[in-house]
Amino acid sequence: MIFHAARLAVANLFAAETRSVFWKVLGLTILVLVGLWLALRSTFITLVFPWIASFFPALPDWAGWLSFVFLVLAGIGLALGLALLLSPVTALIAGLFLDDVAEVIEKRDYREDTPGTAMPLASALVSSIKFLGVVIAGNIVAVLLLFVPGVNLIAFFLVNGYLLGREFFEFAAMRFRSPEEARLFRAKHATTVFLAGLVIAAFLAVPIVNLLTPLFAAGMMVHLHKLLSRKDLGVRMP
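In this text, all values refer to a predicted model and were calculated from it rather than measured experimentally.

Cut-offs used in this document
Residues numbered from 1 in each chain as written. Predicted model: local features only at pLDDT ≥ 70, side-chain atom pairs only at ≥ 80, totals over all residues. Heavy atoms only, no water. Core = buried A, V, L, I, M, F, W, Y, C linked by side-chain atoms within 4.5 Å. Buried < 20%, exposed > 50% of the residue type's maximum accessible area, 1.4 Å probe, protein only. Helix = DSSP H or I, 4+ residues; strand = E, 2+ residues; numbered from the N terminus. Contact = heavy atoms within 4.5 Å. Salt bridge = Lys/Arg side-chain N within 4 Å of Asp/Glu carboxyl O. Polar contact = N/O pair within 3.5 Å; in protein donor to acceptor, adjacent residues only side chain to side chain. Expected span 1.5 Å × (residues − 1). Patch = residues over 30% accessible without salt bridge, like charges linked within 9 Å, V, L, I, M, F, W, Y side chains within 5 Å. Areas by Shrake-Rupley, 256 points an atom, 1.4 Å probe, with all protein chains shown as cover. Axes fitted to C-alpha atoms, helices over the stretch in contact; angles between N-to-C directions. Parallel < 35°, antiparallel > 145°, perpendicular 65-115°, else oblique. Left-handed = near helix turned anticlockwise from the far one by under 90°. Nonpolar A, V, L, I, M, F, W, Y, C, P; charged D, E, K, R; others polar.

Q: It is not clear to me how the nonpolar core should be interpreted in this structure. Could you clarify?
A: Considering soluble globular proteins, one finds that nonpolar side chains tend to be buried as a cluster. In this structure, Phe 169, Ile 200, Leu 215, Phe 216, Met 220, Met 221 and Leu 224 are the most contacted members of the largest nonpolar core, which totals 47 residues. Contributing elements (two or more residues each) for this core: α1 (2-13), α2 (19-53), α4 (86-109), α6 (152-173), α7 (179-188), α8 (190-204) and α9 (213-233). At 10 residues, α9 tops the list of elements feeding residues into this core. For Ile 200, the contacting residues outside a window of four places in its chain are Leu 164, Phe 168, Thr 213, Phe 216, Ala 217, Met 220 and Met 221.

Here is the structure:
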């Protein structure tokens, strides 16, 4: 069921019906990430670098090139660190476009079903912002665990698998259920949702491709919610 939903989500990425959402999600994701990188770089150069340089006041003139090399390395380090923010950025952007993705999928693949109801914009924003904080906190823990041998990558997948699986599934479920019912339905299928979240985390770990994580994750969880709902009702899956 999980891989069936993932396969449908991949097909959804290239469907003509989702092309406009595809470009909006990709463009906004890149824009937010570039903005975050520039903000982090500016903060580092303005606040952190002068503090570090104060420890080397007697650096000879011929060694001035070391400052340039250090800034370049710091910029690369900030870019790599920004990868850790891709998860919360993904969740935030998905909150803005999940209903667009869901509506396309429901009209194309589930025409016989009653269409879902979009969450009010204010509720979607509040939910996305709350989750943004949770994901950031979770990834801070994951970063700390990067220094523990044998735990680092496992921590990344477990943290993001759980958080992204939970959030995207509940977003999809709340088109048809109240927030409380969506949480209970997710808890009922907790193992399946978590394993699906691991698939999203694996997608997130692939460079370049991970820019499409919001679109892939939203589509996958819409399909997974539909499949699980049909299974609970005893309806044969296609």
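Q: Explain the pattern of salt bridges here, please?
A: Close approach of charged atoms lets side chains of opposite charge pair. Tallied over the entire structure, the rule returns 10 salt bridges. The salt bridge involving Glu 106 is made with Arg 175; its shortest N-O contact spans 2.9 Å. Of this pair, Glu 106 sits in helix α4 while Arg 175 is found in the loop between α6 and α7, placing the two residues 69 residues apart along the sequence. Grouping residues by exposure puts Glu 106 and Arg 175 together as buried.

Q: Help me understand the environment of Thr 213, please; the structure alone is not making it clear to me.
A: Topologically, Thr 213 is positioned in helix α9. Using a relative accessible area of 0% as the deciding quantity, one classes Thr 213 as buried. Sequence separation between Thr 213 and Phe 203 is 10 residues; the distance between their C-alpha atoms is 6.7 Å.

Q: Explain the side chain of His 223 here, please?
A: Locating His 223 in the fold gives a position in helix α9. Using a relative accessible area of 0% as the deciding quantity, one classes His 223 as buried. Here Tyr 110 takes part through its side chain, which lies 2.8 Å from a polar atom of the side chain of His 223. Ignoring anything within four residues of it in the chain, the contact list for His 223 reads Ala 5, Leu 8, Ala 9, Ile 105, Asp 109 and Tyr 110.

Q: Could you clarify how one ought to interpret α9 in this entry?
A: Along its 21 residues, α9 runs 30 Å from first to last C-alpha, staying within 8% of the 30 Å computed at 1.5 Å per residue. By the criterion of burial, α9 is predominantly enclosed, with 18 of the 21 residues buried.

Q: For this particular structure, what's the right way to read a nonpolar patch on the surface?
A: On the surface, a cluster of nonpolar side chains totalling about 370 Å² of accessible area is made up of Leu 96, Leu 121, Leu 125 and Ile 129. Tallying contributions element by element places helix α5 (residues 121-145) first for the nonpolar patch, with three residues. Among the structural elements, Ile 129 can be located in helix α5.

Q: Would you mind showing me how to read the packing of α8 against α9 here?
A: Working note: a packed helix pair is described by the angle between its axes plus the distance between those axes. Packing of α8 against α9 brings their axes to within 10 Å, and their N-to-C directions diverge by 160°. Viewed along their axes, α8 and α9 adopt a mutual orientation that is roughly antiparallel. Crossing geometry of α8 relative to α9 is assigned as right-handed. Contacts between α8 and α9 involve Thr 192, Val 193, Ala 196, Gly 197, Val 199, Ile 200, Phe 203 and Leu 204 on the former and, on the latter, Thr 213, Phe 216, Ala 217, Met 220, Met 221, Leu 224 and Leu 228. Residue composition of the contact of α8 with α9, by class: 12 nonpolar, three polar and no charged.

Everything listed is a geometric property; what it means functionally is a separate question.
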